[in-house]
Amino acid sequence: MCGISGTFAPDGRLDRGIPVELHARLGHRGPDETYSLDTPALSAKLARLGMTGLADGWQPAQDRGGRFVALTNGEVFNARELWRELGIEPVNGVDVAVVPELFARYGVDGLARIDGQFATAVLDQAENVLHLARDRFGICPLYFAVVEGRVHFCSELKPLVRVLDRPWRLDLGAVDQYLSLGNIVAPRTVVSGVHAVEPACAVRCDAEGQRTERFWRYGDGYTGLADGAAPVSTGELRESVRAAIAARLDADVEIGAYLSGGFDSSALLMEAASLSDRVRSFSVVFDDPALDEADYQREVVAAAGSKHEEVVCRGADIADRFEEMVRHCCVPQRETYNVAALMLSERVRAAGIKGVISGEGADELFFGYDSYAFDTAPRLKRPAHPENETAWGRADFGWEADPAAAESRRAGYLSAAAREAVRGREFWRTRLIPFTDAEARSLTRAQLRSVADVHVQLGGHLLGDHGDAMLMANSVEGRYPFLANAVVEHAQRTPDAAKVEDFEGKAVLKAAYRGIVPDRVIDRAKRGFTAQGLSAVADERTWRGWRELVAASGVFEPSCMDEAPGPAGGKWDFRLSALSLAMIVDELGLRW
């Protein structure tokens, strides 16, 4: 994993100082080496975190014909298989060197063949076209902004806003998305005019402008299930997970494992320990017994035999470091647990580890959240709202968004001027998944929820600010075996009834690991990663300063910080959202 940045000017009018400034702000993402790519139309840089090809690899990489040249952040775990498929003997030891060769052979669609995680800038030198692309699930971030015909891109949002001197504005449509969904959905970002490249997409940039091309789509595999494709056995499923873990442990540096104490991370650690006798594991423990999962963690560590380290997250840490965390990632928050994630990656890096495997994706693919149990209940009636049809393609499907609660939050949190400005830009006015109405209706409710979870929550939040931003702040790469191509294919070939049994999700996955993961971990109730609430640990002086910051933003009603406004609060403390958005407005100097 690395950090890429650059400027593309189709007319050749480049300011090569901008990529230099962008790159200078990405040192934490790739402290090992710096690579540059310069042509008449493109100036780009890569800050490398070396994981493979340490002795015999380099970037930028070029195809044999010399037409396509690329700078790529990330990993291609099936690079050997792809080189064999292409019939080419590689001379570059970096696995991502296969990217320009895939472009040369298959065009943008070649990216769908990659089992891995990447953000890449691929220049077609013959046509003077730049492609900015991300992996299937958006594990690696990539942002871009177009200013006076020039395309500026970067692995992080904040450098773009800080380096490009212009009056940036807060996107109030994104604010409404966050207050309604708890997420901002790509290509939208919190900054108007700065876009996120969508997962599984490439943005084609040329003299005519930019257009997005999709090369893969999660959810299409459910069609094969409807057509009668054979379901996957638990043995096949476990073998695909095991192979995915083996691929993600394969590196020129040591790869560790995150352990929360839940089923997903426990299964990964048990498999990793069976593949290697030197696995190191890392956990967060809390000083609040109601939050702490150390008992489960230590039982799994004892079974796996891993060399284990813990980092203690206290209430004082949450209060002291919440603002630091927000100002680093510039993504609004509705919980505090990213502080714990940041502390955990610090411990990993201090231990000399550059990468960790983690269990993200299992809940979305194998129906692990409680909502899936209700989706599979056949007689449960769901209310229909016209807004849902616009957002999701079905009036009877609202994901986690309640139109009445969303309107209540607007009234309770936004200032009068902001409420007026949001009118006409509410979250539901944008289609939030890349499916037509007919395609959405062809899926079961649980399958549609899985698609929504992946596109709304997984890429932007769980893999984004919670994953990449917290890990790469300390030069640590996250690797996600449950998002391997074969595992994803098997998940989509598994019937709903095999995923949810007796109101319990991930049934087929748990069956595959019964007898391997301790029973007490398999049978425990689903529990999300949670840290202390901010209002419970921040002192009055700190809270008063934050209240003043919220008032100064002009976006929110200052009174919203006194207590969560009635039913608008729901299960999340959206005061954190107001506070974190005010911090971002201040950090980036945004107007609205």
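Criteria and thresholds
Residues numbered from 1 in each chain as written. Predicted model: local features only at pLDDT ≥ 70, side-chain atom pairs only at ≥ 80, totals over all residues. Heavy atoms only, no water. Helix = DSSP H or I, 4+ residues; strand = E, 2+ residues; numbered from the N terminus. Contact = heavy atoms within 4.5 Å. Polar contact = N/O pair within 3.5 Å; in protein donor to acceptor, adjacent residues only side chain to side chain. Pairing = 2+ DSSP bridges. Axes fitted to C-alpha atoms, helices over the stretch in contact; angles between N-to-C directions. Parallel < 35°, antiparallel > 145°, perpendicular 65-115°, else oblique. Nonpolar A, V, L, I, M, F, W, Y, C, P; charged D, E, K, R; others polar. Left-handed = near helix turned anticlockwise from the far one by under 90°. 1 Å grid on protein atoms, 1.4 Å probe; cavity = no way out; pocket = protein on both sides within 12 Å on 5 of 7 lines; lining within 4 Å. Points joined across faces, edges and corners; volume = space filled by probe spheres on them.

**Observations concerning the environment of E85**
Piece 1. Tracing the backbone through its elements, the reader meets E85 in helix α2 (residues 79-86).
Piece 2. For the pair formed by E85 and Q177, sequence separation is 92 residues and the distance between their alpha carbons is 43 Å.
Piece 3. Once residues lying within four places of it in the same chain are set aside, the contact partners of E85 are R105, Y106 and R113.
Piece 4. Polar contacts involving the side chain of E85 include one to the side chain of R113, which spans 2.5 Å.

**Observations concerning the sheet that holds strand β12 (residues 194-196)**
Strands belonging to one sheet form pairs held by backbone hydrogen bonds; the direction of such a pair is parallel or antiparallel.
Piece 1. Strand order in this open sheet of six strands is β2-β3-β1-β9-β8-β12, and the pairing throughout is antiparallel. In this open sheet, the two strands that pair with only one neighbour each are β2 (33-38) and β12. Within this sheet the neighbouring strands show an average axis-to-axis angle of 15°, counted without direction.
Piece 2. Sheet topology note: the strand β1 (residues 2-8)/strand β9 (residues 150-154) ladder contains four bridges and is antiparallel. Bridging from a neighbouring strand, T7 pairs with H152 of β9.
Piece 3. Along the sheet, helix α1 (residues 17-24) contacts β1, β2, β3 (42-48) and β9; its crossing angle with β1, the most-contacted strand, is approximately 160°.

**Points about the packing of helix α10 (residues 315-329) against helix α11 (residues 338-350)**
Piece 1. Their axes nearest at 9 Å, the elements α10 and α11 cross at an angle of 85°. Judged by the angle between their axes, α10 and α11 are roughly perpendicular. Of the residues in α11, those touching α10 at D317, I318, R321, F322, E324 and M325 are N338, V339, L342, M343 and E346.
Piece 2. Taken together, the residues of the contact of α10 with α11 break down into six nonpolar, one polar and four charged.

**Here's the deal with the environment of A582**
Piece 1. With respect to the element layout, A582 can be found in helix α25 (residues 574-588).
Piece 2. Spatially, the C-alpha atom of A582 lies 8.7 Å from that of G554, the residues being 28 residues apart in sequence.
Piece 3. Apart from residues no more than four positions distant in its own chain, A582 is found in contact with L549, V550, S553 and F556.

**Thoughts on the pairing of β2**
Where a strand is regular, its side chains alternate between the two sheet faces.
Piece 1. One ladder, built from six bridges, connects β2 with β3; its direction is antiparallel. The residue bridging Y35 from the neighbouring strand is L46, located in β3.
Piece 2. Where β2 hands over to β3, the hairpin turn is made up of three residues, counted between the paired strands.

**Overview of the packing of helix α7 (residues 234-249) against helix α19 (residues 485-492)**
Two measures define how a pair of helices packs: the angle their axes make with one another and the distance between the axes.
Piece 1. Contact pair α7 / α19: the axes reach a minimum separation of 8 Å and the direction vectors enclose 155°. On the basis of their axis angle, the class for α7 and α19 is roughly antiparallel. Pair α7 / α19 crosses with left-handed handedness. Each of E236, L237, S240, V241 and A244 in α7 lies in contact with α19, whose residues at this interface are A486, V487 and H490.
Piece 2. Within the contact of α7 with α19, the residues separate by chemical class into five nonpolar, two polar and one charged.

**Examining empty space enclosed by the protein**
Piece 1. Taken as a whole and assessed by the stated rule, the structure comprises three cavities of 30 Å³ or more.
Piece 2. Estimated volume of the largest cavity: approximately 90 Å³.
Piece 3. Lining the largest cavity are 13 residues, and of these C2, R48, Q59, G74 and V94 sit closest to its centre.
Piece 4. Broken down by element, the lining of the largest cavity gets its largest block of residues, three residues, from strand β5 (residues 68-76).
Piece 5. Counted by class, the lining of the largest cavity contains six nonpolar, four polar and three charged residues.
Piece 6. Approximately 70 Å³ is the volume attributed to the second largest cavity.
Piece 7. Around the second largest cavity, the lining residues are Y178, G182, P332, Q333, R334, E335, Y337, H461 and D465.
Piece 8. Its residues assigned to classes, the lining of the second largest cavity comprises three nonpolar, three polar and three charged.

**Brief notes about the sheet that holds β5**
Piece 1. Taken together, six strands build an open sheet; the order of strands is β4-β5-β6-β7-β13-β14 and the sheet is antiparallel. Sheet topology places β4 (61-62) and β14 (209-214) at the edges, where each strand pairs with a single neighbour.
Piece 2. In the sheet, β4 pairs with β5 via two bridges, with the strands oriented antiparallel. Counted as the bridge partner of Q62 is V69 from β5.

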